Amino acid sequence: VKLVVTDPLHITDAVAAHRAAAGGIFVRTESASTNSAVIFAQADILNEGLGVTNVSVQFTVTGSDGKNAGETNVQLFAMEADAEVVTNCLLTVSNPKLWHPDHAWLYTLKTEVLRGGKMVDSVSTRFGIRTLAFDDKLGFVINGEPLSIRGANRHQDIPWLGNAVPDDAQYRDLKRL
């Protein structure tokens with residue numbers, strides 16, 4: 001069991017939002033190279049109290065080494081009672097360390113909600129800066145370089161056996177793959 005106590009002005013919970021692709025924090029890489037990366041950050045802010053003024057959201061990106069990689073402050077000005085606002089921004093990270101399965105460098109996006117300059121809620125989200133694509137000639141491409149992926153998401157489908165599948169049936173399925 002986890003009890004979360006928040007200020008009436010807070011970042012929503014993605015599960016509690018009860019809407020598809022809504023609530024909480026969303027972060028993605030818009031573009032990335034070894035020289036620069038552009039990060040899209042979005043926060044869903046809810047005011048369950050009285051109307052408030054002078055509200056802002058600050059997004060800060062830090063690397064695994066703890067160094068600040070980029071930040072921005074988005075002014076929301078005022079929020080009515082029981083209002084919900086989605087705010088977003090683009091952050092630029094200079095000389096990013098790109099995430100790859102062989103070297104999984106992670107960054108942290110810290111999202112802070114401020115009322116009158118005082119922090120009332122904060123959420124940290126870990127993410128990797130990388131680009132993903134699929135090319136008909138190169139196959140799967142990560143950060144502009146092809147990556148060979150081996151394996152299968154295999155589920156047995158032999159009726160009436162459930163998960164008690166004998167070895168010869170497993171070998172037959174692997175041969176088919």
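This report concerns the structure included in the present document.

1. A look at the sheet that holds strand β5 (residues 68–79)
Phase 1 of the analysis: Ordered in space as β5-β4-β7-β8, the four strands form an open sheet in which the pairing is antiparallel. Both outer strands of the open sheet, β5 and β8 (118–127), are each paired with one neighbouring strand and no more. Adjacent strand axes in the sheet meet at a mean angle of 15° when their direction is disregarded.
Phase 2 of the analysis: Bridge count for strand β7 (residues 107–115) against β8 is nine bridges, and the pairing is antiparallel. Counterpart to R115 in the pairing with β8 is K118.

2. Considerations on the sheet that holds strand β9 (residues 132–135)
Phase 1 of the analysis: The three strands lie next to each other as β9-β10-β11, forming an open sheet whose pairing is antiparallel. The sheet is open, and its two edges are formed by β9 and β11 (145–146), each paired on a single side.
Phase 2 of the analysis: In the sheet, β9 pairs with strand β10 (residues 139–142) via four bridges, with the strands oriented antiparallel. Bridge pairing in β10 places D135 opposite G139.

3. A look at the pattern of salt bridges
Phase 1 of the analysis: For the structure on display, the rule yields five salt bridges.
Phase 2 of the analysis: For R115, the salt bridge identified is with D7, shortest N-O distance 2.9 Å. With R115 in strand β7 and D7 in the segment before β1 (9–11), the pair connects residues that are 108 residues apart, well separated along the chain.
Phase 3 of the analysis: Its relative accessible area of 30% is what places R115 among the partly exposed residues.
Phase 4 of the analysis: Note that R19 is salt-bridged to D44, the shortest N-O span being 3.2 Å. Note that R19 is positioned in the loop between β1 and β2 (25–32) and D44 in strand β3 (residues 36–47), a separation of 25 residues in sequence.
Phase 5 of the analysis: Shared partners join several salt bridges into a network, and the residues in it are R19, D44 and E84.

Conventions and cut-offs
- Residues take numbers from 1 onward in each chain, read along the sequence in its written order.
- Where totals are concerned, whole chains, interfaces and linings use all residues; where local detail is concerned, this predicted model gives features only for residues with pLDDT of at least 70, and gives and counts side-chain atom pairs only at 80 or more.
- By convention in this description, side-chain values take in all heavy atoms of the structure and omit both hydrogens and water.
- Should DSSP find at least two bridges between two strands, the strands are taken to pair.
- Runs of E in the DSSP output that reach at least two residues are strands. Runs of H or I that reach at least four are helices, and both are numbered from the N terminus.
- For every element, the axis is a line fit to its C-alpha atoms; helices are fit only across the contacting stretch, and the angle between N-to-C directions ranges from 0 to 180 degrees.
- Should a side-chain nitrogen of Lys or Arg be within 4 Å of a carboxyl oxygen of Asp or Glu, the pair is scored as a salt bridge.
- Relative accessibility thresholds used throughout: buried, under 20% of the residue-type maximum; exposed, over 50%; partly exposed, between the two (1.4 Å probe, protein chains only).

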